[in-house]
Each structure stands twice: as structure tokens, then as C-alpha cells.
Amino acid sequence: MNPTALPYGERRLNHRKSCSRLIQVNDGNGSFKGHLRDLAVGGAFIEPENGLSAGIGKVLHLNIPFGRQKGFLTVKAKVAWAKPQGMGVRFIAPQTDE
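Residues numbered from 1 in each chain as written. Predicted model: local features only at pLDDT ≥ 70, side-chain atom pairs only at ≥ 80, totals over all residues. Heavy atoms only, no water.

Chemist: Describe the overall build of the chain, naming the residues involved and giving the relevant values.
Modeler: Each helix and strand in the chain was counted, giving zero helices and six strands. Scanning the chain from its N terminus toward the C terminus, one meets helices and strands in the order β-β-β-β-β-β. Looking at the chain as a whole, 27% of its 98 residues are labelled buried. Intrachain contacts of the chain at a sequence separation of at least 6 include 42% that bridge at least 24 residues. (Helix = DSSP H or I, 4+ residues; strand = E, 2+ residues; numbered from the N terminus. Buried < 20%, exposed > 50% of the residue type's maximum accessible area, 1.4 Å probe, protein only. Contact = heavy atoms within 4.5 Å.)

Here it is as C-alpha cells:
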């Protein structure tokens, strides 16, 4: 989709789905818990439990639990924007060695 064709003020390229899942966030200096509030193919909105958010451009590692199954998925993301209520992140595609 062409970003210039999106409605005024809307920059998301993928539809977001509401959710509520407690996740662990590692910012390279430490980790904190946060609530995953919505999720899309390209990114997510995270509401940190401690009220703090990482700075714009900061790379994070998100540990997202599978749900009823044991284990979690680790996803690399970059902070796209941050506000007092939380932060929006864009997922970073894993690098392949081909």
C-alpha cells in the first residue's frame, strides 16, 4: 500500500488487532514488563508497567508468551514513537545468512 494514499493522519500499513498480554521487554540496559495492547504484522503498541518508555529509535527485544502453551517468541523491534501512555514499535525483520 502506498503511504501517501492513506487517510490523513493514518500511517499504519497493516490493520491492528486489540489484545492484552503481559510481555517482557529488554532494552539492552535491563528489562521491564509491559502490556501488549494491540498487534499487527508490522508492529505493536506497548504500555510499560512502570510507566517508562524507551526512547525513539531504541532497539528492543520483546518476549511474547504463546498463551496456553509454554514458551515465548522473541521479536526484535524499534521504537517508532513514545507518549506517556506507552510506545509504538515497528518489528525488525531477522537477518538471514544466505
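The discussion continues.
Chemist: Mind laying out the packing of aromatic side chains, listing which residues take part and the relevant values?
Modeler: With the rule as written, the count across this model stands at one aromatic pair. Centroid distance Phe45 to Trp81: 5.7 Å. Interplanar angle 20°. Geometry classified as stacked. Of this pair, Phe45 sits in strand S3 (residues 43–48) while Trp81 sits in strand S5 (residues 72–83), and the two are 36 residues apart along the sequence. On the basis of relative accessible area, Phe45 is assigned to the buried category, the value being 13%. (Phe/Tyr/Trp six-rings, centres within 6.5 Å; stacked < 30°, edge-to-face > 60°.)

Chemist: If you had to explain the side chain of Asp27 to someone new, which residues and values would you point to?
Modeler: Among the structural elements, Asp27 can be located in the loop between strand S1 (17–26) and strand S2 (31–39). In this structure Asp27 is buried but unpaired, with Lys58 as the nearest side chain of opposite charge at 5.4 Å. Those residues within four positions of Asp27 in sequence are excluded, and the remaining contacts are Phe32, Lys58, Val59 and Leu60. (Lys, Arg positive; Asp, Glu negative; His and termini not counted. Salt bridge = Lys/Arg side-chain N within 4 Å of Asp/Glu carboxyl O.)

Chemist: Lay out the environment of Val89 with the relevant residues and their values.
Modeler: Assignment of secondary structure puts Val89 in strand S6 (residues 86–91). Classification of Val89 as buried rests on a relative accessible area of 1%. Separated by ten residues in sequence, Val89 and Val79 have C-alpha atoms that sit 4.4 Å apart. Residues contacting Val89, with those up to four places away along its chain left out, are Arg16, Gly42, Gly43, Ala44, Ile46, Leu60, Leu62, Ala77, Lys78, Val79 and Ala80.

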